[in-house]
2 protein chains.
Amino acid sequence: MSPPSSSSASATPKPKEGRLRVRIENIQPQIDGGSFPARGIVGDRFHVEADIFADGHDRIEARLLYRRLGARRWSEAPMELLGNDHWVGSFDLEELGVYQFMVEGWVDPVTTWCSELERWIEAGADISLELQEGAVLLERAAGRAKGDASRELMGWVEKLKGWSQDPAVLADPEVLLQDPIRLTEAVLPLYLPWADRSWSTRPRRSLSVRVDRERARFSSWYEFFPRSTSAEAGVHGTFADAAQALPRIRDMGFDVVYLPPIHPVGHTNRKGPNNRVVSAPGDPGSPWAIGGPEGGHTAVHPDLGTLDDFRSFRERAEELGMEVALDVAFQCSPDHPWVKEHPQWFRHRTDGSIRYAENPPKKYEDIYPIDFETDDWEALWDGLRDVFLFWMDQGVRIFRVDNPHTKAFPFWEWLIQELLAADPGVILLSEAFTRPRRMYHLAKVGFHQSYTYFAWRDTGPELAEYMRELQSQGVREFFRPNFWPNTPDILTETLQTGGRPAFMVRLVLAATLTANYGIYGPTFELLEHIPREEGSEEYLDSEKYQLRSWDLDRPGNLTEFIARVNRIRRENAPLQRNDGIRFHPSDNETLLVFSKSAPEVEDRIVVVVNTDHRFVQSGWIDLDLAALGLEGVGEYQVHDLLAGGRYTWSAGPNFVRLDPGVCPAHIFRIEAPATGIGTAPGAPASEPHA
Amino acid sequence: MSPPSSSSASATPKPKEGRLRVRIENIQPQIDGGSFPARGIVGDRFHVEADIFADGHDRIEARLLYRRLGARRWSEAPMELLGNDHWVGSFDLEELGVYQFMVEGWVDPVTTWCSELERWIEAGADISLELQEGAVLLERAAGRAKGDASRELMGWVEKLKGWSQDPAVLADPEVLLQDPIRLTEAVLPLYLPWADRSWSTRPRRSLSVRVDRERARFSSWYEFFPRSTSAEAGVHGTFADAAQALPRIRDMGFDVVYLPPIHPVGHTNRKGPNNRVVSAPGDPGSPWAIGGPEGGHTAVHPDLGTLDDFRSFRERAEELGMEVALDVAFQCSPDHPWVKEHPQWFRHRTDGSIRYAENPPKKYEDIYPIDFETDDWEALWDGLRDVFLFWMDQGVRIFRVDNPHTKAFPFWEWLIQELLAADPGVILLSEAFTRPRRMYHLAKVGFHQSYTYFAWRDTGPELAEYMRELQSQGVREFFRPNFWPNTPDILTETLQTGGRPAFMVRLVLAATLTANYGIYGPTFELLEHIPREEGSEEYLDSEKYQLRSWDLDRPGNLTEFIARVNRIRRENAPLQRNDGIRFHPSDNETLLVFSKSAPEVEDRIVVVVNTDHRFVQSGWIDLDLAALGLEGVGEYQVHDLLAGGRYTWSAGPNFVRLDPGVCPAHIFRIEAPATGIGTAPGAPASEPHA
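Residues numbered from 1 in each chain as written. Chains lettered and ligands numbered in written order. Predicted model: local features only at pLDDT ≥ 70, side-chain atom pairs only at ≥ 80, totals over all residues. Heavy atoms only, no water.

A.B. asks: Whenever I open this one, the environment of His-639 of chain A confuses me. Can you help?
C.D. replies: Residues and elements named next belong to chain A. Within the secondary structure, His-639 is located in strand E26 (residues 635-640). A relative accessible area of 12% places His-639 in the buried class. It is 16 Å that separates the C-alpha atoms of His-639 and Ile-621, two residues lying 18 residues apart in sequence. Residue contacts for His-639: discarding those within four places in its chain leaves Gly-644, Gly-645, Arg-646, Ile-667, Phe-668, Arg-669 and Glu-671. (Helix = DSSP H or I, 4+ residues; strand = E, 2+ residues; numbered from the N terminus. Buried < 20%, exposed > 50% of the residue type's maximum accessible area, 1.4 Å probe, protein only. Contact = heavy atoms within 4.5 Å.)

A.B. asks: Mind showing me how you'd approach the side chain of Lys-271 of chain B here?
C.D. replies: Residues and elements named next belong to chain B. With respect to the element layout, Lys-271 can be found in the loop between strand E11 (256-259) and helix H7 (307-319). Reaching out from Lys-271, the side chain makes a polar contact with the side chain of Asn-275 at a distance of 3.2 Å. With residues up to four places along the chain from it excluded, the contact list for Lys-271 reads Arg-276, Val-277, Ser-279, Gly-285, Asp-366 and Tyr-545. (Polar contact = N/O pair within 3.5 Å; in protein donor to acceptor, adjacent residues only side chain to side chain.)

A.B. asks: I tried to follow the relation of the copies chain B and chain A on my own but got confused; where do I start?
C.D. replies: Mapping one chain copy onto the other needs a rotation about an axis and a shift along that axis. Rotating chain B by 180° and translating it 0.0 Å along the rotation axis places it on chain A, where the RMSD comes to 0.1 Å. One copy is carried onto the other by what is essentially a two-fold rotation axis. Across chain B, the rotation axis passes nearest the C-alpha of Gly-33 of chain B, at a separation of 3.1 Å. When you check the interface residues of chain B against chain A, 100% turn up at the interface there too, and the contact is symmetric in its surfaces. (Least-squares fit on C-alpha atoms with pLDDT ≥ 70 in both.)

A.B. asks: Help me out: how do you make sense of the interface of chain B and chain A in this one?
C.D. replies: In this complex, chain B contributes 92 residues to the contact, which on the side of chain A involves 93 residues. Taking both sides of the interface into account, the surface hidden between chain B and chain A amounts to around 8,100 Å²; carbon and sulfur atoms contribute 51%. Our enumeration of links across chain B and chain A arrives at 22 salt bridges. The partner of Lys-14 of chain B in a salt bridge is Asp-382 of chain A, with the nearest N and O atoms 2.8 Å apart. Between the two partners, chain B and chain A, sit 48 residue pairs in polar contact (both at pLDDT 80 or more). Element by element, the count of residues in the side of chain B that touches chain A is highest for helix H9 (residues 377-393) of chain B, at nine residues. Looking at side-chain class alone, the side of chain B that touches chain A contains 32 nonpolar, 21 polar and 39 charged residues. (Buried area = accessible area lost by both parts, 1.4 Å probe. Salt bridge = Lys/Arg side-chain N within 4 Å of Asp/Glu carboxyl O. Nonpolar A, V, L, I, M, F, W, Y, C, P; charged D, E, K, R; others polar.)

A.B. asks: Quick question: what am I supposed to make of the sheet that holds strand E4 (residues 60-68) of chain B here?
C.D. replies: All names here are of chain B. Read across the sheet, five strands follow the order E2-E9-E8-E4-E5 without closing on themselves; strand pairing throughout is mixed. One side of each edge strand has no neighbouring strand; the edge strands of this open sheet are strand E2 (38-41) and strand E5 (75-78). With direction set aside, neighbouring strand axes in the sheet form an average angle of 30°. (Pairing = 2+ DSSP bridges. Axes fitted to C-alpha atoms, helices over the stretch in contact; angles between N-to-C directions.)

A.B. asks: Can you walk me through the sheet that holds strand E7 (residues 86-92) of chain B in this structure?
C.D. replies: Within a sheet, each strand pairs with its neighbour through backbone hydrogen bonds, oriented either parallel or antiparallel. Residues and elements named next belong to chain B. Taking strand neighbours across the sheet as the criterion, the four strands line up as E1-E3-E7-E6 in an open arrangement whose pairing is antiparallel. Each end of this open sheet is capped by a strand with a single partner; those strands are strand E1 (23-28) and strand E6 (80-83). For this sheet, the mean inter-axis angle between neighbouring strands, taken without regard to orientation, is 35°. Sheet topology places strand E3 (residues 45-53) next to E7; seven bridges connect them, and they run antiparallel.

So this is what it looks like as structure tokens:
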């Protein structure tokens, strides 16, 4: 057979090694093809899945390799075939920082031989030659192995050779698979560490996972303006006053206290009450108009106190088990020192003036935006980074970042890595109310938590759809939502018009739908609901532009209710993470029903909310017991952690009635009957990402 | 403001250029992050979509760059914002082969200036400074521009400067946007070719699309055994006999005639009729037991004729407008020349024998598999490649590859590129009935078409689900299904028991659900349905192991019906491609209803099938008119291309009745009423991949 003339050399280069028969695809979690790290929490087990297969009928072996970024040696974990060429493996995220991981697979001749031997024996075939071939394979492995392992493998080689010529064994080869020999079971564990992996397939590059601390996943935020904490109305509050407020906040169960900017406020074009463009003498201005003669982003507003006072405040919070989160808003009042020191960081107009923040037809004349297209961008990035490092030096580890979507993405990508290199426990919350792809991209480049559109999702279907989006593949791997029912900028129509039941419902939803949530505290506790004008989401007489004085002990406040909800969050693991949410049907669509369960935890929470703030609503709700790991259970107990009731429910629909005048929500814990409840669903090994 | 001690140098390197503000994500189509090319058909327009966005409120510009692989210069097409940061652009696939493409985006100061100017004018603001800034921007562009463009831009610079000081213009700036000035409309097209793209974002690497010829997408295959074409029963047919069969096949409307292997058949362990392990003298053996003393994969079975006879056969097919597809089965009878010439290409056992193809407890003793782990793999790959090149030298451009999933993936990946380098019009059909990820991977590495599980999908829900899988993202971009109701290995239970109506239904489904389909012809035409034994999908007295003689003019054959279906396929563009399929509801679940429509084509096909082969079924079917681009249409005509009837249907349910004894299917064309029907849905610009 002479090759035809067209044969000759190859037009297409061959691979260096053509015998890498295993293919590895679809490694998960993976963000944008590995452009960004996936996210984990320290102490968690991290599960990696992949499609791994080869040609033909041979058996393959697969391993998950992982190491801390910077380590030289890879550690190795087994991978298990879940079926249909889909494999899973896992390792523990023991430390903060970044881990690298990759998947390796190879066609294994000994694993294949074991599997085929079993099938030939079962089929009653002559296995003499099979046993001899096994001896050859194990002899090669013994040559690679060291010490005892090599000797043990050679022992099996001799046995295989003997059996291959032993008429008794060949007549009844089943004995090889049974006690006491158990050939294949005995050989594999001995052999596998010495498998020949020279034709092993590894993807071209490793993937990574960033390990954050627990608070990145589970946190309860309370926002307040320290300048409004003076005991005396009309007097600018201080850090010392603010420290007085801390025990109440701790008693309510919050673990992050978040302060709007604490820096000097500009005088030029200072805003007056209710965002008036003209201010009167004595008006405090907006804390977001940062910078004055006293300093900029690393200075403390003199009326609040000194840097030492701030540190005392932070220490007091920490004594009480809370952390202080600062607001980082990269914009400058015309009086900010940077305007003189670094004029090139701002965009100048043809008349020499600096361009205000503007988005036609709107202009914000009390602030200058920073120009990320400046030729001096490297010094600018360092300068902005130094703001964070300054406050980290003061012990602050959590930051709420104002409008990050109006600053360049490459800056954030660099900055967050830079900050995590200084302290892998630092946490940044992104306040970007913008188009979804930009919100998600900020999370991809590193933000730990993100504000969301929760405030404007009211009905059951809206909320279910929104949760589905946030939990979808390509979002859940990096985006940690932080749900706020209100902020100083957001007094929703629902809160304006829904009365006390609306506040209760929105609190329960924010606190149970996701593990991170927060409230703009004093106004929420006091059910503040009057907008600046009709159609506005701004508060009337907002603290943003004037001092306020709050009587937080006012009868009818929500304080005790908030404390109860936070206690339920602390005591129930499913509410401390975002996976394992499921919506259930009800015959009354104003009743929103969802459950949360956590892998490796027996706890199951069922939340039922009456989204009608005016009227009593009742109906039959039909929990998907199978999804809750309660398949086949006839009766079970539910315990209302909010109101204290205990009910015996049975499979099928159960009746619920919620009076908004009393309490518009149940937060049930399902209490296991003596028997019939296994572990909660979603245990990682059985519920892969795919 | 002195930086804190912790500042100093960066731990994280900064990018070389920090001002690339645009981010580009999710470029589609893209297979496994660009590891494999997407697929297109020559003459098509190729649409590329991406998420493109930047920080802030500035406007961005985006371009699609593309070139033929190997070309130096990139061509450029505009990209259009569809909304929500999602963009689309397109270019024509003018030639066979590979095109590279990438997406580029930048924040554009002039586009932004135009947009802001319009909004400032609308808001009644003083635009004097805006006009001056526009002059500065356009002056810079003029500096980059050449010749006339530069002069024209400078003309606008002067105008802008003049207007910025012209009280009349500043008092009534709307004139700038109106005739005859139309400032922004006039400036942009002049400016954009000279935009400053030095801070432009391009992804790290380009993606690619492989352009195949039309027959890769739309083909009708007819398989037959040339050895069964002799006019005399019991006599081995020749290529000359087979050529006699061609006009009939052409008249039935097929365009590919596919022959099982035409090579010498081995003698060692030759199989007898009905796959008996012992053959009698004179038994012809299986054509898939390739190779004997007369030669191997590049030889012709002497009883079929000579290589010249084969060429004459191929030429006759081409005269009739058909192509010949050959079967490539890389396995060797023990008598194949390679066994002696290249013993190292086979796996030897410890006793020196070559290992048969086996998968315990099955053994195939008439063939040896090829060992892709041979040390001689490079020569092996060349040798296998040369088989294809040999037949390509004989003018064959289509191959059906037998069991590619039992040969190493890296080989196929290399081979197919190699073959396409020799002839970019070559087409390979993968015959891999295996787990989905392996089937799909073969398509990824380059197979043009693939066998599927269609033969075993019978009911409406099964078929709808299967079509959804085949059309899902991550499959449709590279996998072109080829539906076969039967093959020499597959006589399904449905065909065994369903009688003539089952054959008609399965033909209509195969021929209309997908654009590529085929039949194992003579048995299908003659409604052959007797299995070798009960529970088997093998034909009794299969041609695989013995000569058969077919009386194709036998009364009751399906020949005319097949011809009618193929004519309908040729005359209706929606049946020549796989996108645009949609299932519609019916109140009788035995009636399966689906429609096909094609982008840029007004044609719409509606297929209704009675999946009950015994009884008349009728019911109301409810076409989704909006999905068909017929929203708001009250009445329309449907024309049954199969039976010839014409009906006037109206919006809402319409009645259908199908008698399996007459014809169990309708293939309707919707005939547009005089007015009210626009273009078909799915026009690319308005229906993106995402």
